[in-house]
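Notes for the structure review
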Amino acid sequence: MKLYCLSGHPTLPCNVLKFKSTTIMLDCGLDITASLYFLPLPLVHSPRLSKLPGWVSKDGAVNLEKELKECSGRVFVDSQPEFCLPERELLDLSTIDVILISNYHCMMALPYITENTGFTGTVYATEPTLQIGRLLMEELVAFMERVPKAHTATCWKNKDIQKLLPAPLKDVVDVCSWRRCYSMLEVNSALSKVQLVGYSQKVELFGAVQVSPLSSGYSLGSSNWIIQSHYEKVSYVSGSSLLTTHPQPMDQSSLKNSDVLILTGLTQIPTANPDGMLGEFCSNLSMTIRAGGNVLVPCYSSGVIYDLLECLYQFMDSANLGNTPFYFISPVANSSLEFSQIFAEWLCQNKQSKVYLPEPPFPHAELIQTNKLKHYPSIHGDFSSEFRQPCVVFTGHPSLRFGDVVHFMELWGKSSLNTIIFTEPDFSYLEALAPYQPLAMKCVYCPIDTRLNFHQVSKLLKEIQPLHVVCPEPYTQPPPAQPHRTDLMLELQPAPMAYRRCSVLGLPFRRRYERIHLLPELAKSLVLSEMKTGVSVATVSAVLHSKDNKHVLQPVVKPAPVPPSKKRKRVTEDPPEVLDPKPLLTGAVPLEPFLALLHKNGIMEVKVEETSGGHILHLQAEDVLIQLEEEGTHIICDHNESLRTALRDLVLRFLHKL
Amino acid sequence: MPEIKVTPLGAGQDVGRSCILVSIGGKNIMLDCGMHMGYNDDRRFPDFSYITQNGRLTEFLDCVIISHFHLDHCGALPYMSEMVGYDGPIYMTHPTKAICPILLEDFRKITVDKKGETNFFTAQMIKDCMKKVVPLNLHQTVQVDEELEIKAYYAGHVLGAAMVQIKVGLESVVYTGDYNMTPDRHLGAAWIDKCRPDILISESTYATTIRDSKRCRERDFLKKVHETVERGGKVLIPVFALGRAQELCILLETFWERMNLKAPIYFSTGLTEKANNYYKLFITWTNQKIRKTFVQRNMFEFKHIKAFDRSYADNPGPMVVFATPGMLHAGQSLHIFKKWAGNEKNMVIMPGYCVQGTVGHKILNGQKKLEMEGRSTLDVKLQVEYMSFSAHADAKGIMQLIRMAEPRNMLLVHGEAKKMEFLKDKIEQEFNISCFMPANGETTTIVTNPNVPVDISLNLLKREMALGGPLPDSKRPRTMRGTLIMKDNSLRLVSPEQALKELGLSEHQLRFTCRVQLHDSHSDSETLGRIYTYLKSALKNYGVQHLPDGTVIVESIVIKVTSSPEEPNLKVILLSWSYQDEELGSFLSTLLKKGLPS
């Protein structure tokens, strides 16, 4: 059993597990942080961004003024933003049988894996994961296609040129594997390969392995996966949460008794408490609004935003700011809000019970009805005429490199009245802001990451006790910025097996058994004999049938006796068919009872001679020698075949067959 | 011998009060707990005294599963759990859990408040009963206890309807509830995987019907409604608030829109909006098309269909009214029916099945005079139409489901005996499986004979698969030998050698030696050479070897030749073999005793 690690990113994993005869990909996260090296894509013509000077090396030897622009004291790539893909060279992607998706954030690289790679397998995901994952992909594609770039920068990626570039561009690794965004065509084709599964559904793969998703508590439809056979169990934990937010709580007990637990997707901000962050968010929000400024919240279109809207709704009312309009701007804003209301089965108890009334599970339905929350596909169209200030705008993309958020940065960045509040933990906010400096707008960093922290995970692992833990390397050491915080790492016995991008780990498994079925007729024919107290054995002769990795033992069917043919009279001279092996014998033949048995069978004259290992019996009338020893019996009989077989059967009476 | 027992307490050769007991692997499960619309006395509910004469049912049942929210499948639930007494888990899907208490409360109100019956379950009992409900998700494997697991499949029929698979070890039963094998305007088609249950318990409402295409039925329905409205008549469509009603509303809504019709369409009960809300929130349970487009246009927001008020019934001019309940046995639909029955311009369209004893059943049978309460009679002059819109599988659909699930036995419920008989013959002929149709209180027992699961050592399995080759030779199947060890309730199959080792036993060698004398004038080694040549040709399928140390080996049998210097032509052939080669050793000694061929 092996694990191929195609991504080293702890929260955007992409691993491939070879288990029995199956090849299973676990998630395919897409690292979008690569886009931070690119210039933002403005929706509206930006005089500032269009007049940036091109970059030429100091000695003038390298001239990349078309590809690289100097902006806010740094050099950015002027091209459509690109993403860092999972490793595609480590193994042949066409050999992958199935892909298991744990949540919608971890499937964004799917089209790169399933399209144009020869992939013919199946992707398994829950319905909310598929639907919201589709929305996020659609959004990404829309963000890119709305602002087409005429040129694609490629020269800077040349290894010889890259090392001459200023930091941080010269230090970026794997730039050759960076790719532009996929198309809607590829998204649709990739998603058509998804097969829906429900929590605790058991899915058989080729009869060899069973996989099953479990609620992970992190987002709508998010799951951990159990991959098991009858004897081995691998748990894949990815993006799990124990906080009470909107999703169904995490199923922890089903992870018990794992041989191997692959642990990914812990919180990226282990030092920040989500509740504290929310409080800070609210106080900054009310301060800004009261001062007449606007609040910009760069965020994903699904996930924490549902909880944010719910909390803010209550907070704004209590803070007497109930009339401040909320705007949610995204090509998929409407769909995301609508979809969130129809997945009652995947929500926490509290929200689930609302549907029974019947009421929508999330209060944003009411916000929309009362016009407190308005959603628009983009800043163009109705929004530009309807929006009033001060207001709160939720919009993407949190990288600040593309999407409607770019426009608001240009629009509001110059005023110190406005505030940008970062809630998504995926991007360094300073990096994200780099091309907009200098900024007058206030910047607040309130990352809300509900995923497990180190304290929670060590408690969880104590509870479920996996034999071995596999995790990304960063989890095995304290954060680089806080080397003394040994509480922010995994300390386990035995030590976790760490992986990085391109690692291939051999997982410590010794498979010893496989499930087989005995047909009832066979089972009935077996004769059990007790060898020791509580231990019985039976010899089994059977025919093995293996199909689709399922094994069945059937009784041996004796071939019908061949009718005696007239041509061949010397039937007896035919050698016996190649016969089945005989059972092994065990036990011993005790002297006195054996002699008694011989006597009973008419053999009277027996001369017994003691030897070092046992006895030699001389059957004088028959001229037969029988050597009886602890480990064996030897019958020497020359002439009388029927006598020999009779003696054989008498000896066998004392022995056990195995 | 393991067996599965199935006893219908209701719906055995009958439609109504579905309630089926299943005993499987020592577990007892109640499937559905419905009431009978055709009775007002004790026969209304299943006879739970069959399970136990005195006391509560909790200790006799491991779980109760409700397939969908129709009252003939869940109407007796509060009676069973609160009045007879059952505290174990009750499983149903989320939509069923949401809608079922509303229908139960409706039913209770009609029975107690309108008809003044006492000794009936109360509103509080419905609430207490619903607290025992555990929601089921589709395809989720729910572990009721260590051994018993259940899994729900999509059944179509109504929102949230499910088929359930019940499994204990290797034995399983599938119960279909009511299902529909063709997608309709708001629901998808039932689906199940090839789960090969020991018994498939199927409804058989339309056992003998093969319905024409849905499209024709819809066209017919629209034509009849249209014609009646055109000539100024009123159309009454008795429905249940949830289910068919939504499908027909979608149908009329789109037709009104397309034809630009003006006649009002009303929906009778206060449930309308609420009902439609359920559909909106449980949109994942509707069909593909509605789910795909719900963000742009929610199919359950109707423009042309408005809420009905009692007073509208006397308004002049054409109108279409959807009114509950669907079998005209009580409530608003019956009230409107009485008002409109006298006018031949009007029409009543019965879109579903009506059980015996209801007004719906009577008028469908052509009865023109109805006896009403208080000895009055009602003349039925309006046109009576029956449109089979109720979403049950027809004969073709039932056969299709059998093909999907591949059951070993079939058991029919929820249908009329005569029709079942016909279908039973058909199933037995076409699929060559036994088909049962027990009456209420009658038990069907099926012997299951399951395989016995065993842990085989991987070494043994791999060795065997390598020896046997990829494809077994059916003419000469290889026999595998192993030792089954039973210890602490585990069954393991290992090689005999491993078994010896594990049990701490040593092997007992049983050997045989046989000396055969023959005359041969050659030297010893030449004689051995002749033996080798002879055996090589005689034993084609065996490994025969001539070793340089002066022995011939056949499999593990050792053959040597000696002679004494006194009589060099009298050779003694020494054969020695172990018990493992007994047959071959015996054969060889007999063969060599006959001498060598010259």
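Residues numbered from 1 in each chain as written. Chains lettered and ligands numbered in written order. Predicted model: local features only at pLDDT ≥ 70, side-chain atom pairs only at ≥ 80, totals over all residues. Heavy atoms only, no water.

**Observations concerning the overall build of chain B**
Quick note on the threshold: Every helix listed is a DSSP run of H or I at least four residues long, and every strand listed is a run of E at least two residues long, numbered separately from the N terminus. Here the globule rule reads 2.2 Å times residues to the power 0.38, and the radius of gyration is calculated from C-alpha atoms. The rule is simple: take the accessible area with a 1.4 Å probe, protein chains only, and divide by the maximum for that residue type; under 20% is buried, over 50% is exposed, in between is partly exposed. Whether two residues touch is decided by their heavy atoms; if any such pair falls within 4.5 Å, the residues are in contact. Where accessible areas are quoted, they stem from the Shrake-Rupley method and a 1.4 Å probe; at the residue level, only the protein chains shown are allowed to cover. This count recognises Lys and Arg as positive and Asp and Glu as negative, with His and chain-terminal groups excluded. For this purpose, a charge sits on NZ of Lys, CZ of Arg, CG of Asp or CD of Glu.
Summing up its helical and strand segments, chain B has 16 helices and 30 strands in all. Against the globule reference of 25 Å for 598 residues, chain B gives a C-alpha radius of gyration of 37 Å, more extended than a compact globule. C-alpha atoms of chain B, sized along the principal axes, occupy 135 × 55 × 45 Å. Residue burial in chain B is summarised as follows: out of 598 residues, 57% are buried. Restricting the contact set of chain B to residue pairs at least 6 apart, pairs at least 24 apart contribute 70%. Carbon and sulfur atoms make up 49% of the accessible area of chain B, which totals about 25,100 Å². Averaging the positions of the 73 positive and the 68 negative side-chain charges in chain B gives two centres separated by 7 Å.

**Things to note about the domain arrangement of chain A**
Spelled out, the test is: Per the annotation, domain bounds derive from an automatic or database assignment of domains.
By domain assignment, chain A separates into domain 1 (2-41 + 80-148 + 159-267 + 451-506), domain 2 (274-445) and domain 3 (585-657). The C-alpha centroid of domain 3 of chain A is placed 70 Å from the C-alpha centroid of domain 1 of chain A.

**So, the confidence of the model for chain A**
We apply this condition: On a range of 0 to 100, pLDDT expresses the predictor's confidence in each residue.
Of the residues in chain A, 97% reach a pLDDT of 70 or more, and the chain-wide mean stands at 92. Note that pLDDT drops below 50 for residues 567-572 of chain A; the model gives that stretch 2 contacts with residues more than four away or on any other chain.

**A closer look at the sheet that holds strand E16 (residues 260-263) of chain A**
Residues and elements named next belong to chain A. What counts here: Only strands joined by at least two bridges in the DSSP assignment are considered to pair. In this analysis an axis means a line fitted to C-alpha atoms, helices contributing only their contacting stretch, and an angle means the value between N-to-C directions, from 0 to 180 degrees.
Read from one edge to the other, the open sheet built from 7 strands follows the order E12-E13-E14-E15-E16-E23-E24, with strand pairing classed as mixed. Whereas interior strands pair on both sides, the edge strands pair on one side only; in this sheet they are strand E12 (203-205) and strand E24 (497-499). When strand polarity is set aside, the average angle formed by the axes of neighbouring strands in this sheet is 20°.

**Section: the nonpolar core**
Side chains of nonpolar character tend, in soluble globular proteins, to be buried together. Under the convention used in this document: To qualify as a nonpolar core, a set must consist of buried Ala, Val, Leu, Ile, Met, Phe, Trp, Tyr and Cys residues joined through side-chain atoms within 4.5 Å.
Leu110(A), Phe394(A), Phe48(B), Ile201(B), Phe221(B) and Phe337(B) are the most contacted members of the largest nonpolar core, which totals 275 residues. The leading source of residues in this core is helix H3 (residues 127-146) of chain A, at 9 residues. Those residues in contact with Phe394(A) that sit more than four places away from it in its chain are Val297(A), Cys299(A), Ile305(A), Leu308(A), Leu309(A), Leu312(A), Phe326(A), Tyr327(A), Phe328(A) and Ile329(A). Formed by 48 residues, the second largest nonpolar core is a distinct cluster that contains Phe512(B), Tyr542(B), Val544(B) and Leu584(B).

**Quick notes on the sheet that holds strand E15 (residues 319-323) of chain B**
Residue and element names in this part refer to chain B. Within the open sheet, the 6 strands sit side by side as E14-E13-E15-E12-E16-E19. Their pairing is parallel. Edge positions in the sheet fall to strand E14 (305-307) and strand E19 (383-386), since each has one partner strand and no second. The average undirected angle you get between the axes of adjacent strands in this sheet is 25°. Where strand E12 (residues 234-238) lies against E15, 5 bridges are found, and the strand directions are parallel. Looking across to E15, one finds that Lys 234 is bridged to Met 319. Most of the contacts of helix H6 (residues 244-259) go to E15, to which it runs at about 165°, and overall it touches E12, strand E13 (265-267), E14 and E15. Along the sheet, helix H9 (residues 331-340) contacts E12, E15 and strand E16 (347-350); its crossing angle with E12, the most-contacted strand, is approximately 150°.

**Some thoughts on unusual backbone geometry**
As a rule of thumb, non-glycine residues mostly have phi less than zero, and peptide bonds are mostly trans rather than cis. Residues and elements named next belong to chain A. A cis amide bond, omega 0°, links Ala 167 with the succeeding residue Pro 168. Residue position: Pro 168 is located in the loop between helix H4 (159-162) and strand E10 (178-179). Backbone torsion omega between Gln 437 and Pro 438 reads -5°, so that peptide bond is classified as cis. Along the polypeptide, Pro 438 turns up in the loop between helix H13 (429-433) and strand E22 (442-445).

**Some words on the interface of chain B and chain A**
Defined as follows: Buried area counts how much accessible surface, traced with a 1.4 Å probe, disappears from two parts once they are put together, with both parts' losses summed. Any Lys or Arg side-chain nitrogen located within 4 Å of an Asp or Glu carboxyl oxygen qualifies as a salt bridge. Residues adjacent in sequence count toward polar contacts only when both atoms are side-chain atoms; beyond that, a polar contact is any pair of N or O atoms within 3.5 Å, and within protein one must be able to donate a hydrogen and the other to accept it. When residues are sorted by character, Ala, Val, Leu, Ile, Met, Phe, Trp, Tyr, Cys and Pro go into the nonpolar class, Asp, Glu, Lys and Arg into the charged class, and all the rest, Gly among them, into the polar class.
Across the boundary between the two partners, chain B contributes 87 residues, which contact 93 residues of chain A. Where chain B abuts chain A, roughly 8,100 Å² becomes buried across the two surfaces, and 58% of that area is made up of carbon and sulfur atoms. When the buried surface of chain B facing chain A is broken down by residue, Leu281(B), Arg481(B) and His508(B) rank first, second and third, together holding 10% of it. Applying the counting rule to chain B against chain A returns 7 salt bridges. Close ionic contact of Arg515(A) with Asp455(B) constitutes a salt bridge, the shortest N to O distance being 3.3 Å. Where chain B packs against chain A, one counts 37 residue pairs in polar contact (both at pLDDT 80 or more). Looking at the side of chain B that touches chain A element by element, the count peaks at 9 residues for strand E24 (residues 479-487) of chain B. Here the side of chain B that touches chain A is composed, by residue class, of 42 nonpolar, 23 polar and 22 charged. Here strand E34 (residues 632-636) of chain A pairs with strand E26 (residues 509-519) of chain B via 5 bridges, running parallel. Each residue of the ladder has a partner; that of Thr633(A), found in E26(B), is Leu510(B).

**Re the UniProt feature "domain: Beta-Casp" (unreviewed entry) in chain A**
Under the convention used in this document: UniProt positions are given in the numbering used here, feature names are shortened, and annotations may be inferred rather than shown by experiment.
The UniProt entry lists residues 305-433 of chain A under the feature "domain: Beta-Casp" (unreviewed entry), expressed in the numbering used here. Secondary structure across residues 305-433 of chain A divides into 41% helix and 12% strand, with the first and last C-alpha atoms of the span separated by 21 Å.

**Describing the packing of aromatic side chains**
Stated formally: Ring geometry is summarised as follows: Phe, Tyr and Trp rings, the Trp one being its six-membered ring, pair when their centres sit within 6.5 Å, and such pairs are stacked at plane angles under 30 degrees, edge-to-face over 60 and tilted between the two.
The full count for this structure, using the stated rule, is 39 aromatic pairs over all chains. Aromatic side chains Phe48(B) and Tyr79(B) sit 6.0 Å apart centroid to centroid with 35° between the ring planes, which places their arrangement in the tilted category. Of this pair, Phe48(B) sits in the loop between strand E3 (27-31) and strand E4 (63-65) while Tyr79(B) is found in helix H2 (residues 77-85), placing the two residues 31 residues apart along the sequence. The exposure class of Phe48(B) is buried, given its relative accessible area of 4%. Three or more aromatic residues joined by ring pairs form one cluster here, namely Tyr327(A), Tyr376(A), Phe383(A), Phe387(A), Phe408(A) and Trp412(A).

**Thoughts on the domain arrangement of chain B**
Split by domain assignment, chain B resolves into domain 1 (3-210 + 394-447), domain 2 (214-386), domain 3 (455-503) and domain 4 (511-593). Using only C-alpha atoms to locate each centre, domain 2 of chain B and domain 4 of chain B end up separated by 97 Å.

**Some remarks on the side chain of Ser81(B)**
In this structure, Ser81(B) sits in helix H2. If near-sequence neighbours (up to four positions away) are discounted, Ser81(B) is found in contact with Tyr86(B), Ile90(B), Cys129(B) and Lys132(B).

**Structural notes on the packing of helix H6 (residues 274-290) of chain A against helix H7 (residues 304-318) of chain A**
If you want to describe how two helices pack, look at the angle between their axes and the distance between the axes. Residues and elements named next belong to chain A. Filter applied, for reference: These descriptions rest on fixed angle ranges, namely under 35 degrees for roughly parallel, over 145 for roughly antiparallel, 65 to 115 for roughly perpendicular, and the rest for oblique. Less than a right angle of anticlockwise turn of the near helix away from the far helix marks a crossing as left-handed, whereas a clockwise turn marks it as right-handed.
At a minimum axis separation of 11 Å, H6 and H7 run at an interaxial angle of 50°. Relative to H7, the element H6 lies oblique. Seen from above, H6 lies across H7 with right-handed handedness. Packed against H6, whose contacting residues are Leu 278, Phe 281, Cys 282, Leu 285 and Ser 286, the element H7 presents Leu 308, Cys 311, Leu 312, Phe 315 and Met 316 at the interface. The residue makeup of the contact of H6 with H7, split by class, is 9 nonpolar, 1 polar and no charged.

**Some details on the environment of His226(B)**
Residue and element names in this part refer to chain B. One can find His 226 in helix H5 (residues 214-230). With 23 residues separating them in the primary sequence, His 226 and Cys 249 have C-alpha atoms 14 Å apart. Those residues within four positions of His 226 in sequence are excluded, and the remaining contacts are Phe 255, Met 259 and Leu 261.

**Notes on the pattern of salt bridges**
According to the stated counting rule, one finds 54 salt bridges over all chains in the structure shown. For Arg48(A), the salt bridge goes to Glu410(A), with nearest N and O atoms at 3.2 Å. Of this pair, Arg48(A) sits in helix H1 (residues 47-50) while Glu410(A) is found in helix H12 (residues 405-412), placing the two residues 362 residues apart along the sequence. On the basis of relative accessible area, Glu410(A) is assigned to the buried category, the value being 16%. Here the salt bridges do not stand alone but share partners, grouping Glu641(A), Arg644(A), Arg648(A), Asp649(A) and Glu582(B) into one network.

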